[in-house]
Structures are given as C-alpha cells and as structure tokens.
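# Topology and contacts: notes
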Amino acid sequence: MCGIVGYIGKRKAYPILIKGLHRLEYRGYDSAGVALINDSGQLNVYKAKGKVSELEAFCESKDTGGTIGIAHTRWATHGEPNTVNAHPHYSESERLAIIHNGIIENYAVLKAGLQQEGYTFKSDTDTEVLVQLVEYTQVNRHVDLKTAVQLALQQVIGAYAIAILDKEHPDTLIAARKGSPLVVGIGEEEYFLASDATPIVEYTDKVIYIEDEEVVCIQMSESSNPLTITTISNVVKTPEIKRLELSLSQLEKGGYPHFMLKEIFEQPRTLTDSMRGRVNVRQDNIALSGFIDNKERFLNAKRIIITACGTSWHAGLIAMYAIEEFAQIPVEVEYSSEFRYRKPVISKDDVVIAISQSGETADTLAAIQLAKSKGAFIFSICNVVGASIPRVSDSGCYTHVGPEIGVASTKAFTAQVVALTMLALCIGREKGTMSKDQYLRIVRELGQIPDKIERVLGQNKRIADFAKMFTYAQNFIYLGRGYNFPVAMEGALKLKEISYIHAEGYPAAEMKHGPIALISQEMPVVVVAPHCGTYEKVVSNIQEIKARKGRVIAVVTEGDTLVSKIADYTIEVPATEECLTPLLTVIPLQLLAYHIAVVKGCDVDQPRNLAKSVTVE
Ligand code: AGP
C-alpha cells in the first residue's frame, strides 16, 4: 500500500503535495516522488529513496513551480525500494506521469504486449506498465487522456488508485480507483486528491469518496463544471459530496512525542466516543443500529465466522469468548489470508464479522468477497468511514476513534473489543441466552471503563521506569488465560512490531507443552493475571516459571496480594467484569511495548518494514 496526493487549482502545488505526503507516510515510506507541470508547460518528476524528508531535501535545488501536481509515498510491492521504482513514472515520451497505489495483477501480459509495440521500460513496476498502456491507447486510438485512461483500465486486472498528468493539458488532472482508496477534496477553485482525508482536512471539509471503477476528471478550463465522474465505461455518475468529520487537531500529536502514545492516552475519550449513543447506562440498554436493522440474521445464525488480520484478529478472538458465552452461537475466528484461500465451507446461514481498522486490508476484503459469493451476511467493524470494507458489507459498526496514525494499533483495538462486546450483549439479550441481571451489570460496567483506563494510564511513568530494565531482552513470552489469552497475543505483537524484540503470546497452560523449556533469566515473561476466571491456575503457572528462575512481569487486579508476592514486577488494573478485563489489561502492555521501543531508539510510529494498512497481499 502507498499514499497518493494530487492538487490542481490556484495555489503552488508543491508545498501542498509535500505536506500531504507527510500526512500519508504511515501508509508506506520506502521512497517518494512528485510530478509537477510548471507555468512553462514543463513536466518535472523528482523522486528519492527513503522517507518524504529525503524527497524534500532533493527538491530544494529543483524547479518546483506549477499549480498542478501529483505525489506518492511508496511501500514496495513490485520492484525493490529505489529511485527508479519510485513513483511518479513517466510514459515513454515523457508526456504523461502517473502515481499508483495497488497491484496490477496482469501487468506482465500487458507489458509483453507493449514491448512488442516497441515500448521500453526503466523500472520493474506494474505502475510503469499502466502509464505506457495509457499513452499507447491515447496515441493509437487518437483519444483524449480521460478516454485513454478509461480504455486502459478496462484491460487491467487488479487494484488501483491512480492520478495522472498530461503535460500537453496542464489544466487537467485525471484519477481513478478500484480496490484502493481515493478521496477528492473540493476547495474554492481548487481540488485535492488523496488516499484518505488526512492531507485534505486542513483545506476543505467537502469530500467525495470515489467508488470502484470510477474515473475523476478535473478540467479547470471547464469553469462551469470542472469536476466530472464517470465509470471506466464512461457512464456519467453524480458526485456525492460529504462533510468531513476529521479536524486537523486530531492529526496533530497533541504534545505527545509519538502518535502511538497520543493514541494510547486517547483511549478513555475514544471509547467514550465509541459508546456514545450506543451504551445508555441510564436506560440500561445498548442500541447498536447494525444489529437492530439485522436482528433476524444474528438470531438465526447457525455460526459466526470472524475474519481479520493482526491486532484486529486478536479482537476477534476476544469476541469469540463473549459471543459464545452470552449468545451461545458457535464462533470461528479466521486469519483472512488463510480463510480466503483454504476453500472454507460457508453457507447463507452464516454471519461473517470482518474486523478492520483501516477498512482496506486486502486479505480481509477478499475474505469478505468470498463469503458474500456464498450468500453469507457480512457485518464489518471498521474505523474509517467510507472505506472499502464497510462499503462492501451488508451492515456494520464504525468504531469512531478518529484517525489512528501510529502503525501499531492501540485505540482501534480497544474500540473493536467494545463494539464486539456490545454486539455479543445485544444478541444474548435478544436471544434470552443471558440473564437480565448479567446484561445490566455488564452494561453499567461498560460505562465505567473509560475512567478505569484513565487510572491504568496513571501508571505510565512507573511502567516507563521499569521498561528500561528489559531492553536487553532478545525474547519475551506473554501468557494469559480465557479472555486474556488474546490479550497476551496482542501484547506480544505490540512489542515485536515496534521494538523488534521477538515475542510470543500463549495460553498460560500451554507452557507445559514446550515453551517452559525456554524459561531463563534472560527471557522476561509477561503474565496477564487479573482476579477472575482461572486466576488460581495462572498463579500456578507463575510459580512454575519462578521455580525455573524466570523473571515475571504480572498484570494483576488492584489489591492483589498473592501474585504481587511472587512476580518480579506487577502492574495493577481496576477490577471489572471478566469479559471487560481485556480493555484494562491491554493498556499496560501497550505502554510496556512503547517505552521499551523508545528506549531502544526505534521509530515507534513508523516501524521498519511495516505500514498502517496492508492493501496488497
Ligand atoms: C497492528 O498493530 C498492526 N499494525 C497490524 O497487525 C494490523 O492490525 C493489521 O494489519 C490489520 O489491519 P486492519 O485492522 O486495518 O485490517
């Protein structure tokens, strides 16, 4: 996945494009580039390996004039990260320049056909094939740029969000999408394009979310109606203008050193936002519109399949415990990348819950398409309004936690757990498979969770202090049971993805089946041991580790007197309902991973090799 930005209008394009790329760097940052048509009609393309700041340094001595341009920050899919493979790509004649987010799956066939026509290629990318195909179509079919783009895209198999310039038409900016996100911002005599709204929000709150196989044509010389949208088959579409809910301040770090820490500390507020209008403590009720509108589908479901990746998959694992406990519907939790290819048995009586913060994860999108093709009902839990996954789902629930910029997911995870818990409670209450008292107790406790998270966050300094003692470690093990087994896996993922320390999460009882052989003083063991469920069993697991000289960091319930006597370090969280303990026990693990990574000098918000949204396989 990559980030694309475009601008056409009354202002100098370059500053707007570069600032936009910085906002999108979380989508990928192994190389970046910009294409501008200056006032003399010259098409200039500048590219640099590395982050956007490298491109800025490169452009300092260049002609960055012009009021039309496109720019791109890359996460390599085809071709290694280098300047040649960086976008934008010129066409053969250097008349056109293109940027692209996605994968052209049939690029090899298209490339062979163009090579037979005498076209040559400088890069290894699928994107360069696309711009050559557009030029070939424009020249040989004697059509304008928009038509050439439409005809070329009709031959393309795969995913794309593109923007393309033609130096012979400096008043025209063309864009299109299929499978990768694209948003248009509408200003005063100026237009913006981007992969999401973050580069647009400071200029306008009027946006259009482009749909699959739509082509955007912005022609400033058409002053009465510069912007038109058609399909790739040239069917005219009526633009649906929406108002942005994002504010620029949401994008700023708000005084925190990293977006990740800001987002960890946002969780009391973001969970309040997530429950607003849904959890009504005074009326002892949960109102989840996605459930209310589709009640029968859930009540008659023979099975619920949860499909997701990474952290979202961990949220799905927690949901399995809650849905089976409260709604007594069998649940299967699937990695989307496996589910989409393993020929699963899916029926129209199945409900599929797709969980995705970005709403653009390619594997989860494909898993949904597979389930839809077999008649299953799709319910998605997503954080990005207008993203691809909610748009292909039958219904769903937005988590509404605002943009999650840190690559390591934190506030989105807790919001996913709340959304899934609300869903489990709604189904259980409606089916009568849980008592009214239990339902009321959990609804009221949900309302207390933001304040209880606030209390856990109050231990940030203490966690930062003892995190310093573990930066030496090459390996960690995370253990938990029941609702906190997925928390152990999530804590391990947080640590490995931002500190690059190897970490594994296990059900605590699994220790005897191999991992206990690893115990040594050099390998810290984090045990999630709140006072609920199989607490006594977890205490035994801790004793087994201590007997083998393991060092234990335990997350316990406030007032715990047993574990705190045997563990080396303890972090206390307030007592709560067992099904809600993950919302509290995950916080210390987020902070522990963050502080270890910071002490190690890692790039916390943009860890190596990772990107915020994996929109390619
Ligand atoms: C989580 O910290 C990671 N960034 C990653 O595992 C992420 O959860 C996964 O790629 C799924 O992303 P999604 O929720 O946007 O689909």
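The following refers to the structure shown. No experiment lies behind these values; they were computed from the predicted model shown.

### Quick notes on the site of the ligand
The ligand sits among 14 residues. The nearest are Ser312, Ser356, Ser358, Thr361 and Glu497. A distance of 2.8 Å is found between an oxygen atom of the ligand and a backbone nitrogen or oxygen belonging to serine 409. A distance of 2.9 Å separates an oxygen atom of the ligand from a polar side-chain atom of lysine 494. If the ligand stood free it would expose 410 Å²; the protein chains cover 91% of that surface. Counting residues per element, the ones that place at least two in the shell around the ligand are helix 11 (310–326) and helix 18 (485–499).

### Remarks on the sheet that holds strand 12 (residues 214–219)
Strand pairing in a sheet takes place through backbone hydrogen bonds and is either antiparallel or parallel in direction. With antiparallel pairing, seven strands are arranged side by side in an open sheet as 5-6-7-8-12-13-14. Lying at the two open borders of the sheet, with one neighbouring strand each, are strand 5 (89–90) and strand 14 (236–237). Sheet topology note: the strand 5/strand 6 (residues 96–104) ladder contains two bridges and is antiparallel. Its bridge partner being in strand 6, tyrosine 90 is matched across the sheet by alanine 97. Packed on one face of the sheet, helix 4 (residues 126–140) meets strand 5, strand 6 and strand 7 (158–166) and runs near 130° to strand 6. Sitting on the sheet, helix 5 (residues 145–154) touches strand 6, strand 7, strand 8 (172–178), strand 12 and strand 13 (227–231), and the angle it makes with strand 7 is about 160°.

### Notes on the packing of helix 3 (residues 107–116) against helix 4
When two helices pack together, their arrangement is given by the angle between the helix axes and the distance between those axes. Axis separation between helix 3 and helix 4 bottoms out at 9 Å; the angle between their running directions is 45°. Between helix 3 and helix 4, the angle falls in the class oblique. Relative to helix 4, the crossing made by helix 3 is left-handed. Of the residues in helix 4, those in contact with Tyr107, Leu110, Lys111 and Leu114 of helix 3 are Asp126, Val129, Gln132, Leu133 and Tyr136. Per-class residue counts for the contact of helix 3 with helix 4 are six nonpolar, one polar and two charged.

### A closer look at the pairing of strand 21 (residues 377–382)
Burial runs high along strand 21: six of the six residues are buried. Because side chains alternate across strand 21, one face comprises the buried residues Phe377, Phe379 and Ile381, and the other comprises Ile378, Ser380 and Cys382, equally buried. Here strand 20 (residues 350–356) pairs with strand 21 via six bridges, running parallel. Within the sheet, the bridge partner assigned to isoleucine 353 lies in strand 21 and is phenylalanine 379. Crossover strand 20 to strand 21 through helix 13 (residues 362–373) is right-handed. Both strand 21 and strand 22 (residues 395–398) contribute to a ladder of four bridges, which runs parallel. By the bridge assignment for strand 22, isoleucine 381 is matched with cysteine 397.

### Considering helix 2 (residues 52–59)
For helix 2, every residue scored as buried is listed here: Val52, Leu55 and Cys59. Projected onto a plane normal to the axis of helix 2, the buried residues spread over an arc of 55° and lie on a single side. Buried residues in helix 2 make contact with helix 1 (13–24), strand 2 (31–37), strand 3 (43–49) and strand 4 (68–74).

### A few points about the nonpolar core
By size, the foremost hydrophobic cluster in this structure holds 96 residues, and its most contacted members are Ile323, Ile353, Phe476 and Tyr478. In terms of residue count, helix 15 (residues 411–431) provides more of this core than any other element does, twelve residues in total. Counting residues in hydrophobic clusters, the runner-up holds 27 residues, among them Leu24, Leu36, Ile200 and Leu244.

Reading guide: rules and limits
Residues numbered from 1 in each chain as written. Predicted model: local features only at pLDDT ≥ 70, side-chain atom pairs only at ≥ 80, totals over all residues. Heavy atoms only, no water. Near = heavy atom within 4 Å. Polar contact = N/O pair within 3.5 Å; in protein donor to acceptor, adjacent residues only side chain to side chain. Areas by Shrake-Rupley, 256 points an atom, 1.4 Å probe, with all protein chains shown as cover. Helix = DSSP H or I, 4+ residues; strand = E, 2+ residues; numbered from the N terminus. Pairing = 2+ DSSP bridges. Contact = heavy atoms within 4.5 Å. Axes fitted to C-alpha atoms, helices over the stretch in contact; angles between N-to-C directions. Parallel < 35°, antiparallel > 145°, perpendicular 65-115°, else oblique. Left-handed = near helix turned anticlockwise from the far one by under 90°. Nonpolar A, V, L, I, M, F, W, Y, C, P; charged D, E, K, R; others polar. Buried < 20%, exposed > 50% of the residue type's maximum accessible area, 1.4 Å probe, protein only. Right-handed = clockwise from strand over helix to strand, strands pointing away. Arc of directions from axis to C-beta. Core = buried A, V, L, I, M, F, W, Y, C linked by side-chain atoms within 4.5 Å.

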